[in-house]
Amino acid sequence: MAILLQSLEDTSRSWQAAPSPTNYPDAMAVLGQFAEYKKTSKRSWVKERQELAALYSNIQTKIRTYGLAAWEPREGLKLEDLEVRWAEFLRAEGTRSRAINARIRE
């Protein structure tokens, strides 16, 4: 979970720090990189997010089934934290996409 959250944060920061493309070919190259990110990194992150949710659910089910002591992830590593960070990441992704497309239209 921590690695996934850090990856989301790093990617968001790199988008914010990235300079805006200055011409059409540069903008198209950035768009290509963005499309590649969506096919590779984002897909693996979506899969990992789903696996983490399933794992958490499985753990909670086993705890209840076998009457074990309650368990919660550390602060900052709960599913709720992931959902909040994921929503923020999707907003940053949308902003990046709109910025690239606006530059291409210019």
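By convention here, each chain's residues receive numbers from 1 onward along its written sequence. The predicted origin of the model limits local features to residues at a pLDDT of at least 70 and limits the giving and counting of side-chain atom pairs to 80 or more, whereas totals for whole chains, interfaces and linings rest on all residues. With hydrogens and water excluded, all non-hydrogen atoms of the structure serve as input to the side-chain values.

Draft legend 1. Summary view of helix α4 (residues 79–105). The helix count covers DSSP runs of H or I at least four residues long, the strand count covers runs of E at least two residues long, and both are numbered beginning at the N terminus. Here the expected length of a helix is defined as 1.5 Å per residue gap, with one fewer gap than residues. For α4, built from 27 residues, the straight-helix expectation of 39 Å at 1.5 Å per residue is met to within 8% by its first-to-last C-alpha distance of 39 Å. Regarding α4, the residues found buried are Leu-79, Leu-82, Trp-86, Phe-89, Glu-93, Gly-94, Arg-96, Ile-100 and Ile-104. It only takes one pair of heavy atoms within 4.5 Å for two residues to be counted as in contact. Of the surrounding secondary structure, the elements contacted by the buried residues of α4 are α1 (2–17), α2 (24–39) and α3 (41–66). Only protein chains enter the area calculation, which uses a 1.4 Å probe; residues under 20% of their type maximum are buried, those over 50% are exposed, and those in between are partly exposed.

Draft legend 2. Here's a closer look at the side chain of Arg-96. For Arg-96, the position within the fold is in helix α4. Buried and unpaired, Arg-96 has Glu-93 as its nearest opposite-charge partner, separated by 10.0 Å. Not counting chain neighbours up to four residues away, the residues in contact with Arg-96 comprise Trp-15, Ala-18, Val-30 and Phe-34. Neither His nor the chain termini are counted; the positive set is Lys and Arg, and the negative set is Asp and Glu. By definition, a salt bridge exists where a carboxyl oxygen of Asp or Glu is found within 4 Å of a side-chain nitrogen of Lys or Arg.

Draft legend 3. Layout of α3. Here α3 spans 37 Å end to end across 26 residues, near enough to the 38 Å set by a 1.5 Å rise per residue. Every buried residue of α3 is accounted for by Lys-42, Trp-45, Leu-52, Tyr-56, Gln-60 and Ile-63. Looking at the buried residues of α3, the elements they touch are α1, α2 and α4.

Draft legend 4. Quick look at the nonpolar core. Core analysis: the largest hydrophobic core is formed by 16 residues, its most contacted members being Leu-4, Leu-8, Tyr-37, Trp-45, Leu-82 and Phe-89. Of all the secondary structure elements, the ones that give two or more residues to this core are α1, α2, α3 and α4. Among the elements that line this core, the one with the most residues is α4, at 5 residues. The residues touching Leu-8, leaving out its near neighbours within four places in the chain, are Trp-45, Leu-82, Trp-86 and Phe-89. Nonpolar cores are built from buried Ala, Val, Leu, Ile, Met, Phe, Trp, Tyr and Cys residues. Side-chain atoms within 4.5 Å join them into one set.

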